[in-house]
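So the chains spell out like this:
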Amino acid sequence: MKNKEQIKDNCIDIDRQYYGDYGVQDTKTDEKRFVPIPSRLRDMLLNLPENEIFVFSSLKNIGEPLYERTVRDALYDKYSEDMLKTKKTRTLTFHSFRYFLNTYLLYIQRHQEEF
């Protein structure tokens with residue numbers, strides 16, 4: 001992984017992001033973010049090959065990132081059927097995952113020694 005210096009302790013310093021139509025750009029707010037990560041993830045990132053540009057790379061389009069839509073569509077297809085059976089509605093949105101991930105990361109940060 002390039003830019004391993006962005007990983008500090010159990011945080012990753014994020015100053016760029018990938019926009020599908022525009023490539024790598026500054027963040028939406030033009031500000032750096034320090035995102036807490038579990039030590040296991042930190043170790044995995046530090047062990048990625050130097051030539052790896054994206055953490056989640058496309059298997060179809062080598063050298064390009066895995067598009068968010070690929071993951072979202074697969075999860076939506078899988079879980080929307082189950083939701084319809086139990087809740088009679090499809091309530092899975094991008095923000096569902098965002099809230100889940102933020103909650104999970106906060107939990108990990110509070111219970112770091114367990115990971």
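The structure presented is a predicted model; accordingly, all values stated were derived computationally and were not measured.

Asker: Honestly, the overall build of the protein chain in this entry has me stumped. Any pointers?
Answerer: Each helix and strand in the protein chain was counted, giving three helices and five strands. The linear arrangement of helices and strands in the protein chain, starting from the amino end, is β-β-β-β-β-α-α-α. In the protein chain, which comprises 115 residues, the proportion classed as buried is 17%. Contacts in the protein chain between residues at least 24 apart in sequence constitute 39% of all its contacts with a sequence separation of at least 6.

Asker: What should I look at first to understand a nonpolar patch on the surface in this one?
Answerer: On the surface, Val 55, Phe 56, Leu 66 and Val 71 cluster together to form a nonpolar patch covering roughly 360 Å² of accessible area. Following the sequence through the fold, Phe 56 ends up in the loop between helix 1 (39–46) and helix 2 (68–87). By relative accessible area, which is 61% here, Phe 56 ends up exposed.

Asker: What is the right way to read the environment of Asn 47 from this model?
Answerer: Residue position: Asn 47 is located in the loop between helix 1 and helix 2. Distance in space between the C-alpha atoms of Asn 47 and Lys 4 is 9.3 Å, their sequence separation being 43 residues. A polar contact of 2.9 Å, which involves the side chain of Asn 47, links it to the backbone oxygen of Asp 43.

Asker: Mind showing me how you'd approach the side chain of Asp 13 here?
Answerer: Relative to the assigned elements, Asp 13 resides in strand 2 (residues 11–14). On the basis of relative accessible area, Asp 13 is assigned to the buried category, the value being 6%. Filtering out sequence-adjacent residues up to four positions away, Asp 13 remains in contact with Gln 6, Lys 8, Lys 32, Arg 33 and Phe 34.

Asker: Just checking my understanding: could you explain the sheet that holds strand 5 (residues 33–36) for this structure?
Answerer: The strands making up a sheet associate through backbone hydrogen bonding, with each pair oriented either parallel or antiparallel. Taken together, the three strands give an open sheet; going across it, the order is 1-2-5, and neighbouring strands pair in antiparallel fashion. Looking at the sheet topology across the chains shown, the edges are occupied by strand 1 (7–8) and strand 5.

Asker: Looking at this structure, how should I read unusual backbone geometry?
Answerer: With glycine set apart, most residues show a phi of negative sign, and most peptide bonds adopt trans. Of note in the backbone geometry, Asp 9 takes a positive phi value of approximately 50 degrees without being a glycine. Looking at where Asp 9 falls in the secondary structure, it is placed in the loop between strand 1 and strand 2. The class of Asp 9 is exposed, set by a relative accessible area of 68%. In this structure, Asp 30 is a non-glycine residue whose phi angle is positive, near 60 degrees. Position of Asp 30 among the secondary structure elements: in the loop between strand 4 (23–26) and strand 5.

Asker: Please explain the pairing of strand 2 as it appears in this structure.
Answerer: Along a regular strand, successive side chains alternate from one face of the sheet to the other. The pairing of strand 1 with strand 2 spans two bridges and is classified as antiparallel. Paired with Lys 8 across the two strands is Cys 11, which belongs to strand 2. Taking the residues between adjacent antiparallel strands as the criterion, strand 1 and strand 2 are bridged by two residues, where Asp 9 takes a positive phi near 50 degrees. Of the strand pairs in this sheet, strand 2 and strand 5 are connected by four bridges, and their pairing is antiparallel. Bridging across to strand 5, Cys 11 finds its partner in Pro 36.

Cut-offs applied
- Residues numbered from 1 in each chain as written.
- Predicted model: local features only at pLDDT ≥ 70, side-chain atom pairs only at ≥ 80, totals over all residues.
- Heavy atoms only, no water.
- Helix = DSSP H or I, 4+ residues; strand = E, 2+ residues; numbered from the N terminus.
- Buried < 20%, exposed > 50% of the residue type's maximum accessible area, 1.4 Å probe, protein only.
- Contact = heavy atoms within 4.5 Å.
- Patch = residues over 30% accessible without salt bridge, like charges linked within 9 Å, V, L, I, M, F, W, Y side chains within 5 Å.
- Areas by Shrake-Rupley, 256 points an atom, 1.4 Å probe, with all protein chains shown as cover.
- Salt bridge = Lys/Arg side-chain N within 4 Å of Asp/Glu carboxyl O.
- Polar contact = N/O pair within 3.5 Å; in protein donor to acceptor, adjacent residues only side chain to side chain.
- Pairing = 2+ DSSP bridges.

Take it as geometry only, folks, not as evidence of what the structure does.
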